Amino acid sequence: IQSKKNKVSMTELLRCIPAELEEESDYPDLSGKKRKGRLPPAKSTKSSRLVQQCREPNPAQKSVDEFKLKKFTRIESKVKSYRSQ
């Protein structure tokens, strides 16, 4: 049973181009419907947010100078001196 006259041919209807079908919608919008027995998506917890922060690279980290005792500040590293030879 045809409810109203269609200007579109049957071949174009069978091609089913979504952009052309958006203006007319015969089906109900079920996007907000909740189904029985389904749980909503889990919310993030404090620990999951902290883990996510730790995994993201932080570009603002400053380069840390290596620690040396005061009495060894004037002594050259043996490893560095072997590499330069």
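Note that the structure is a prediction, hence the values are computed from the model and not measured. (Residues numbered from 1 in each chain as written. Predicted model: local features only at pLDDT ≥ 70, side-chain atom pairs only at ≥ 80, totals over all residues. Heavy atoms only, no water.)

Brief notes about the overall build of the protein
Link 1 in the chain: Along the protein, the regular secondary structure elements total 4 helices and 0 strands.
Link 2 in the chain: Reading the protein from its N terminus to its C terminus gives the helix and strand order α-α-α-α.
Link 3 in the chain: Counting the 85 residues in the protein, one finds 0% classified as buried.
Link 4 in the chain: Surface exposure of the protein reaches about 10,100 Å², of which carbon and sulfur atoms provide 54%. (Helix = DSSP H or I, 4+ residues; strand = E, 2+ residues; numbered from the N terminus. Buried < 20%, exposed > 50% of the residue type's maximum accessible area, 1.4 Å probe, protein only. Areas by Shrake-Rupley, 256 points an atom, 1.4 Å probe, with all protein chains shown as cover.)

Quick word on a nonpolar patch on the surface
Link 1 in the chain: A surface patch of nonpolar side chains, amounting to about 400 Å² of accessible area, comprises Val8, Met10, Leu13 and Leu14.
Link 2 in the chain: Under the relative-accessibility criterion, Leu14 is labelled exposed at 67%. (Patch = residues over 30% accessible without salt bridge, like charges linked within 9 Å, V, L, I, M, F, W, Y side chains within 5 Å. Salt bridge = Lys/Arg side-chain N within 4 Å of Asp/Glu carboxyl O.)

A closer look at the confidence of the model for the protein
Link 1 in the chain: Averaged over all residues, the pLDDT of the protein is 76; the fraction at 70 or higher stands at 75%.
Link 2 in the chain: Per-element averaging of pLDDT across the protein places helix H2 (residues 18-21) at the bottom with 59 and helix H3 (residues 46-55) at the top with 90. (pLDDT = per-residue confidence, 0-100.)

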